[in-house]
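# Summary of structural features
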Amino acid sequence: MKGARIRLATRDDVRAIAGLSRTEIEHGLPWRWTPPRVQRAVADARTNVCVAEQGGSLLGFGIMVYADDTAHLSLLAVNPDARRQGVGTALLQWLEQVARVAGIARVQLEARSDNVGALAFYRRHGYAQTDKVPGMYLGVADGVRLEKRLVAQAADAERR
């Protein structure tokens with residue numbers, strides 16, 4: 001991810017985030033993460049929307065919603081031209097670090113069961129499957145729920 005930076009999203013990023021969600025996450029499904037919904041997420045105090053950018057171009061984004069002791073990674077996408085360059089890892093680590101600082105114990109997410117690349121990515125980053133849900137995506141695709149415990153990792157790191 002040489003030369004790129006991660007920052008909180010602004011209103012100026014909303015259309016690009018929604019567009020990347022549409023093409024890379026929501027393909028084959030009704031478009032739910034439209035610009036107005038992304039704007040609400042950007043404005044929501046319980047949600048972090050971060051972007052990776054380089055030279056004014058959106059490389060990827062992540063949206064995480066925080067509760068008392070859990071966080072839900074709602075979306076994470078990387079522009080196809082920026083894949084395999086550490087962008088997704090950098091976004092995920094940024095969001096997880098914010099969650100740790102906020103005292104979040106675990107991060108949960110869902111992915112399409114046929115998205116082999118995404119499932120492998122999350123497993124590489126310590127996420128474990130907790131459930132498989134037939135028809136999760138409006139009956140079009142099955143889903144997989146994954147979770148990563150952050151508190152246990154922090155305790156393990158302190159012991160080392």
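Bear in mind that the values here come from a model prediction, so they are computed numbers and not experimental data.

The rules behind each value
Residues numbered from 1 in each chain as written. Predicted model: local features only at pLDDT ≥ 70, side-chain atom pairs only at ≥ 80, totals over all residues. Heavy atoms only, no water. Core = buried A, V, L, I, M, F, W, Y, C linked by side-chain atoms within 4.5 Å. Buried < 20%, exposed > 50% of the residue type's maximum accessible area, 1.4 Å probe, protein only. Helix = DSSP H or I, 4+ residues; strand = E, 2+ residues; numbered from the N terminus. Contact = heavy atoms within 4.5 Å. Axes fitted to C-alpha atoms, helices over the stretch in contact; angles between N-to-C directions. Parallel < 35°, antiparallel > 145°, perpendicular 65-115°, else oblique. Left-handed = near helix turned anticlockwise from the far one by under 90°. Nonpolar A, V, L, I, M, F, W, Y, C, P; charged D, E, K, R; others polar.

## Topic: the nonpolar core
Within the largest apolar cluster, 28 residues are counted, with the highest numbers of intra-cluster contacts made by M64, L73, Y122 and L146. Broken down by secondary-structure element, the contributors of at least two residues to this core are β2 (47-54), β3 (57-66), β4 (70-78), α3 (87-101), β5 (106-112), α4 (116-124) and β7 (141-149). If you tally residues by element for this core, the top one is α3, at 5 residues. Discounting residues that sit within four places of it in the chain, L73 has contacts with I63, M64, L92, L95, V107, Q108, L109 and Y122. Residues A9, I17, A18 and L75 belong to the second largest nonpolar core, which totals 15 residues.

## Some words on the packing of helix α1 (residues 14-24) against helix α2 (residues 35-43)
Think of two packed helices as two axes; the pair is described by the angle between the axes and how far apart they sit. Following both chains from N to C, one finds α1 and α2 inclined at 120 degrees, their axes separated by 9 Å at the closest point. In terms of orientation, α1 lies oblique with respect to α2. When the axes of α1 and α2 are compared, the crossing they make is right-handed. Residues V14, R15, I17 and A18 of α1 touch α2, and the partners they reach there are P35, V38, Q39 and V42. Among the residues forming the contact of α1 with α2, the class breakdown is 6 nonpolar, 1 polar and 1 charged.

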